[in-house]
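Analysis of the macromolecular model
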Amino acid sequence: MKVVFEIVSFHLVVVAAFESFYSGLNVHPQCFQLQSIFLSPLLQDAQRVSNRLARILVLTRLDDAFDKGILLRSQADISSWHSRGSFGTWRKLSTFGKVCQFMGDRIVSIEWQSLAGAEFMSTPVSPLLTDLYQLAMMEAYLDQGMTETAVFELFVRRLPEKRAFLMVAGLEQALTYLETLRFTPEEIDWLGRGGRFRSSTLDYLAALRFTGDVHAMPEGTIFFPNEPILRITAPLPVAQLVETRLMNILHYQILVASKAARAVLAAPGKLLVDFGLRRAHGAEAGLMAARASYLAGFAGTATVLADELFGIPSFGTMAHSFIEAHDDESAAFEHFATSRPNNLTFLIDTYDSVTAARKIVTLAPRLKARGITIRSVRIDSGDLVALSKQVRAILDQGGLADVGIFASGGLDEEAAADLLARGAALTGFGLGTSLTTSADAPSVDCVYKLQEYAGVARRKHSVGKTTWPGRKQVWRCYGSDGRMAGDVLSLESDNQSGEPLLAPVMRSGQRIGPASGLSEARARAARELARLPESLRQLDGKAMYPVEVGGALTGLAAEVDRRLAAHAVSG
């Protein structure tokens, strides 16, 4: 038997080549009793990047590994994960489309990616998923020796129409991206063959790791224009490179979380479920939408993979095709109930919702005798106010008062609020396309700007796009009723009264403490929504929240302006 060790994308992987693979998978139990002295150098190398990434997959038996995956991690890593309590499971090897590569009867490599607790989003993205100008600027910086520390901040310039606030989401995936940032030898070779970059630049990229600091607002935090939600402090070329992907991750989840938060405010106490995967703009977007909407307060998602990856409760009913495939609607209901008796929901508007509701009442006693309880019915079309009232009356008269009525079909938060205001007898809503595309506000003016380089404050002065210079902090004040009363935006060194919102989350490329769990972020989002002033809870978005700019910040801005003016004159 041959055992090969290699580090792939910072993940320490045990790649085993089994003799007689097809003849019973017989592996001597002692063959994986590896000496720590042999593993130690590899562990240390991985831990220099991040002790969260020093993970060893140990295949004691291939069939066992396919069933559940067996792993060994550093003691520090195990402790940090256990401090989170329930931290999920590692992604099963069998869930990958291409797990093993074979050479004859020997396994020569295994594609493996850890499931980072319940926060794993997707396979680490190549750093080539960026704008070309990021790499071009990196080379220009390197040519000039401009590798000193830079500070960039990510913020939103202005709110979209009908938005009174935004909600932070996506930080976990952003930090995972920074942790795993590296160019593979194949990517360096590809860049070299293209002839666009000099060998010195390629050497820099080959050794590149994120070793900087990160400050951020925690996920679930409410924020407002010009308030930095993320600050990157790192060597200038590296801080520049990460811009595109950080914005890509954070911008979208902020959009969806903010829209989902509006739905939570519009339909308090109602069951809200993400139905939007099929029309999301890609697979990653669908998963991000499930995560962001759950963070903001949705009860769950129809996206099955989001359940496995993040532990988000998954909800599913049936499609019209199941009813249509039967000649008799009642038979379709009964067949479905027999196969899927748990959390049973019937779709009743394939033909006529009122008639179907009566069929449900007739069927219910037979199902109850078999221990099957109907949880709810779903209406996907028609006059939802009138139909919900009619169906509610039929169900109540038939002894099914506990059966809920769930609505779907092109709904958004404003439609939900309108239906409830008009007296619809609905217990929940499925939001799909409008949620995952953030249809009424499909983008926000999210930017990532240089605020300091080599210890000197920097500022953009374009018309309509002027930035505040320096490293900043946001302090939030609350009224006597516990509601948000106003924020102060100023320099980090300017001690203001109130609760500081940005906190250090990464230092020298490593996380500070264990990752914040999705449940923690969800609880924070609920607290934040509860502390919104009543004016900001309205869907019209007309209310303005006060954000004061501190004197220290305005003073620094004036100083930067004077310096720039002096250089302009001398130049």
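So, here's what we can say about the structure. Every value quoted in this text rests on a predicted model; they were computed, and no experiment measured them.

**Side note on the overall build of the protein chain**
Assigned secondary structure in the protein chain consists of 19 helices and 25 strands. Per-residue burial over the protein chain gives 50% buried out of 571 residues. Within the protein chain, counting contacts between residues at least 6 apart in sequence, those at least 24 apart form 73% of the total. For the protein chain, the accessible area works out to roughly 25,100 Å², and carbon and sulfur atoms hold 52% of it.

**Examining the sheet that holds strand 13 (residues 300-301)**
In space, the 6 strands of this open sheet follow the order 13-12-17-16-15-14, with parallel pairing throughout. On the outer flanks of this sheet lie strand 13 and strand 14 (344-347), each paired with one strand and no other. Strand direction decides the pairing type here: strand 14 and strand 15 (residues 374-379), joined by 4 bridges, are parallel. Pairing of Thr-345 across the sheet is with Ser-376, part of strand 15.

**A look at the packing of helix 14 (residues 353-369) against helix 15 (residues 384-397)**
Close contact between helix 14 and helix 15 brings their axes to 9 Å; oriented N to C, the two are set at 20°. One way to sum up the angle between helix 14 and helix 15 is to call them roughly parallel. Remark: the crossing between helix 14 and helix 15 carries right-handed chirality. On the side of helix 14, the interface is formed by Ser-353, Val-354, Ala-357, Arg-358, Ile-360 and Val-361, while helix 15 contributes Leu-387, Gln-390, Val-391, Ile-394 and Leu-395. Its residues assigned to classes, the contact of helix 14 with helix 15 comprises 8 nonpolar, 2 polar and 1 charged.

**Some points on the side chain of Ser-376**
Structurally, the position occupied by Ser-376 is in strand 15. The exposure class assigned to Ser-376 is buried, which follows from its relative accessible area of 11%.

**Description of the packing of aromatic side chains**
Tallied over the entire structure, the rule returns 5 aromatic pairs. Ring geometry for Phe-152 versus Tyr-448: centroids 4.8 Å apart, planes at 10°, classification stacked. Taken together, the positions of Phe-152 in strand 7 (residues 149-156) and Tyr-448 in strand 18 (residues 446-453) put the pair 296 residues apart, joining distant regions of the chain. The class of Tyr-448 is buried, set by a relative accessible area of 3%. With centroids separated by 4.0 Å and ring planes inclined at 10°, the aromatic side chains of Phe-224 and Tyr-545 adopt a geometry described as stacked. Residue Phe-224 is located in the loop between strand 10 (222-223) and strand 11 (230-235), and its partner Tyr-545 is located in the loop between helix 18 (518-530) and strand 25 (547-549); the two are separated by 321 residues in the primary sequence. The buried category is assigned to Tyr-545, whose relative accessible area is 11%. Just above the ring of Trp-468 sits the side chain of Arg-459; from NZ or CZ to the centre is 5.4 Å. Just above the ring of Tyr-294 sits the side chain of Arg-522; from NZ or CZ to the centre is 4.1 Å.

**Some points on the environment of Ile-360**
Here Ile-360 shows up in helix 14. Along the primary structure Ile-360 and Ile-394 are separated by 34 residues, whereas in three dimensions their C-alpha atoms are 9.5 Å apart. In this structure Ile-360 touches Phe-333, Phe-346, Ile-348, Ile-374, Leu-395 and Leu-400, once residues within four positions along its chain are discounted.

**So, the nonpolar core**
In this structure, Leu-178, Leu-230, Ile-232, Phe-346 and Phe-429 are the most contacted members of the largest nonpolar core, which totals 135 residues. Looking at this core element by element, the count peaks at 12 residues for helix 9 (residues 243-266). For Leu-230, the contacting residues outside a window of four places in its chain are Phe-152, Glu-153, Leu-154, Leu-171, Val-214, His-215, Ala-216, Leu-246 and Leu-250.

**As for the pattern of salt bridges**
Across all of its chains, the model carries 31 salt bridges by this definition. Across the salt bridge formed by Glu-413 and Lys-259, the nearest N and O atoms sit 2.8 Å from each other. One end of the pair, Glu-413, is in helix 16 (residues 413-421); the other, Lys-259, is in helix 9, and 154 residues separate them in sequence. Relative accessible area serves as the criterion here: at 2%, Lys-259 is assigned to the buried category. Residues Glu-329 and Lys-359 are paired through a salt bridge, measuring 3.0 Å at the closest nitrogen-oxygen approach. On the criterion of sequence distance, the pair formed by Glu-329 in helix 13 (residues 329-339) and Lys-359 in helix 14 is long-range, its members being 30 residues apart. The buried category is assigned to Glu-329, whose relative accessible area is 5%.

**A word on the sheet that holds strand 7**
On the basis of which strands lie adjacent, the open sheet formed by 7 strands has the order 19-18-7-11-9-23-24 and antiparallel pairing. Since the sheet does not close on itself, it has two edges, and those belong to strand 19 (456-457) and strand 24 (510-511), each with one partner. Across 2 bridges, the pairing between strand 23 (residues 503-507) and strand 24 is antiparallel. Residue Arg-507 lies in a different strand from strand 24, and its bridge partner there is Gln-510. In the packing of helix 9 onto the sheet, contacts are made with strand 7, strand 11 and strand 18, and the angle to strand 18 comes to roughly 135°.

Conventions we followed
- Residues numbered from 1 in each chain as written.
- Predicted model: local features only at pLDDT ≥ 70, side-chain atom pairs only at ≥ 80, totals over all residues.
- Heavy atoms only, no water.
- Helix = DSSP H or I, 4+ residues; strand = E, 2+ residues; numbered from the N terminus.
- Buried < 20%, exposed > 50% of the residue type's maximum accessible area, 1.4 Å probe, protein only.
- Contact = heavy atoms within 4.5 Å.
- Areas by Shrake-Rupley, 256 points an atom, 1.4 Å probe, with all protein chains shown as cover.
- Pairing = 2+ DSSP bridges.
- Axes fitted to C-alpha atoms, helices over the stretch in contact; angles between N-to-C directions.
- Parallel < 35°, antiparallel > 145°, perpendicular 65-115°, else oblique.
- Left-handed = near helix turned anticlockwise from the far one by under 90°.
- Nonpolar A, V, L, I, M, F, W, Y, C, P; charged D, E, K, R; others polar.
- Phe/Tyr/Trp six-rings, centres within 6.5 Å; stacked < 30°, edge-to-face > 60°.
- Lys NZ or Arg CZ within 6 Å of the ring centre and 35° of its normal.
- Core = buried A, V, L, I, M, F, W, Y, C linked by side-chain atoms within 4.5 Å.
- Salt bridge = Lys/Arg side-chain N within 4 Å of Asp/Glu carboxyl O.

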